[in-house]
Amino acid sequence: MRLEILQGDITTRDVDAIVNAANSSLMGGGGVDGAIHRAAGPELLAACREVRKEYPGGLPVGRAVATPGFNLPSRWVIHTVGPNRHAGQTDPGLLASCFRESLAVAESLGARSVAFPAISAGIYGWDAREVATVAFDVVRNFGADGSPALELVEFVLFSPEMTTVFRDVSG
Ligand code: ADP
């Protein structure tokens, strides 16, 4: 499995699946979530409403679900709910679960390439370095455990600063 770190807008990535740092309502929000909904078009919100029927109380933190990507270049969007540090969700295990579950969903879809944003490193207030550390730990373990289907995992970072942190942490 190849691992790449890029700076840019995740909504432009032509990969099989992009991961959305959603909130548990799945009804869209700010940051990358808003950008993904705008780029995918209104059908994405309708698809999220359908998913919500299975999770009336909202998608729990650390879980991941897939919808189609609609107008996006990517075939699927995998929505995961990162822990919100401002709400006292400080357990790195929850963040690790976001990455792990998203990879598992990608694999179950037969995706060969997947792109991640810096989950929880924006509005949810986590330290960028901590997010990057957890992200690489999970993705490398997932790759080491043998995931023949998944060939490429990208981290697509919006700012030069975040890109530098991810490059630093990746060693
Ligand atoms: P969270 O609520 O999980 O913290 P945010 O969307 O606020 O999610 O931020 C997560 C990261 O996504 C931040 O580093 C933010 O700068 C970044 N981001 C925002 N828009 C995009 C985009 N279009 N592509 C990639 N990353 C983005």
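Cut-off values and rules
- Residues numbered from 1 in each chain as written.
- Predicted model: local features only at pLDDT ≥ 70, side-chain atom pairs only at ≥ 80, totals over all residues.
- Heavy atoms only, no water.
- Helix = DSSP H or I, 4+ residues; strand = E, 2+ residues; numbered from the N terminus.
- Rg over C-alpha atoms; globule rule 2.2 N^0.38 Å.
- Buried < 20%, exposed > 50% of the residue type's maximum accessible area, 1.4 Å probe, protein only.
- Contact = heavy atoms within 4.5 Å.
- Lys, Arg positive; Asp, Glu negative; His and termini not counted.
- Charge placed at Lys NZ, Arg CZ, Asp CG, Glu CD.
- Pairing = 2+ DSSP bridges.
- Axes fitted to C-alpha atoms, helices over the stretch in contact; angles between N-to-C directions.
- Parallel < 35°, antiparallel > 145°, perpendicular 65-115°, else oblique.
- Nonpolar A, V, L, I, M, F, W, Y, C, P; charged D, E, K, R; others polar.
- Near = heavy atom within 4 Å.
- Polar contact = N/O pair within 3.5 Å; in protein donor to acceptor, adjacent residues only side chain to side chain.
- Salt bridge = Lys/Arg side-chain N within 4 Å of Asp/Glu carboxyl O.
- Expected span 1.5 Å × (residues − 1).

**Q** Hey, could you go over the overall build of the chain for me, with residue numbers and the actual values?
**A** A count of helical and extended segments in the chain gives 5 helices and 6 strands. Starting at the N terminus and ending at the C terminus, the chain contains elements arranged as β-β-α-α-β-β-α-β-α-β-α. Relative to the compact-globule value of 16 Å for 171 residues, the chain shows a C-alpha radius of gyration of 14 Å, a close match. Principal axes of the C-alpha set define a box for the chain whose edges measure 40 × 35 × 30 Å. Counting every position in the chain, which comprises 171 residues, the buried fraction comes to 47%. Pairs at least 24 residues apart make up 71% of the contacts formed inside the chain by residues separated by at least 6 positions. A distance of 3 Å separates the average location of the 14 positive side-chain charges in the chain from that of its 19 negative side-chain charges.

**Q** Which residues make up the pairing of strand β4 (residues 76-81), and what values go with them?
**A** Sheet faces and side chains relate simply in a regular strand, where the side chains alternate between the two faces. Counting buried positions along β4 yields 6 of 6 residues, so the element is predominantly enclosed. Judged by which residues are buried, β4 turns out to be covered on both faces: W76, I78 and T80 on one side and V77, H79 and V81 on the other are all buried. Note that strand β2 (residues 17-22) and β4 share 6 bridges and pair parallel. Within β4, the residue paired with A17 across the bridge is W76.

**Q** Account for the packing of helix α1 (residues 31-40) against helix α2 (residues 43-52), naming residues and giving values.
**A** Where α1 contacts α2, the axes come no closer than 7 Å and their chain directions differ by 115°. As judged from the angle between their axes, α1 and α2 are roughly perpendicular. When α1 is examined against α2, the residues I36, H37 and A40 are found in contact with a partner set consisting of L44, L45 and C48. The class makeup of the residues in the contact of α1 with α2 is 5 nonpolar, 1 polar and no charged.

**Q** Please set out the site of the ligand residue by residue, giving values where relevant.
**A** Neighbouring residues of the ligand: 16 residues in total, closest D9, V32, S120, G122 and I123. I10 is positioned such that a nitrogen or oxygen atom in its backbone is 3.0 Å from a nitrogen atom of the ligand. Here I123 contributes a backbone N or O atom positioned 2.8 Å from an oxygen atom of the ligand. The element that contributes the greatest number of residues to the shell around the ligand is α1, accounting for 3 residues. By residue class, the composition of the shell around the ligand is 11 nonpolar, 4 polar and 1 charged.

**Q** Run through the pattern of salt bridges, naming residues and quoting values.
**A** This structure, assessed with the given rule, holds 6 salt bridges. Across the pair R2 and E4 runs a salt bridge whose closest N-O atoms are separated by 2.6 Å. For R2, a relative accessible area of 48% puts it in the partly exposed group. When the shortest N-O distance is used, the salt bridge between D168 and R129 registers 3.4 Å. Highlighted residues: D168 in helix α5 (residues 160-170) and R129 in helix α4 (residues 128-144), separated in sequence by 39 residues.

**Q** An account of α4 is requested, with residue identities and associated values reported.
**A** For α4, built from 17 residues, the straight-helix expectation of 24 Å at 1.5 Å per residue is met to within 8% by its first-to-last C-alpha distance of 24 Å. Turning to α4, its buried residues are A128, V131, A132, V134, A135, F136, V138, V139 and F142. Buried residues belonging to α4 abut β1 (2-7), α3 (92-109), β6 (152-157) and α5.

**Q** Residues and numbers for unusual backbone geometry, please.
**A** A positive phi is found at L26, a non-glycine position, where the angle reads about 60°. The topology assignment puts L26 in the loop between β2 and α1. On the accessibility criterion, L26 (3% relative accessible area) is buried. Of note in the backbone geometry, S120 takes a positive phi value of approximately 70° without being a glycine.

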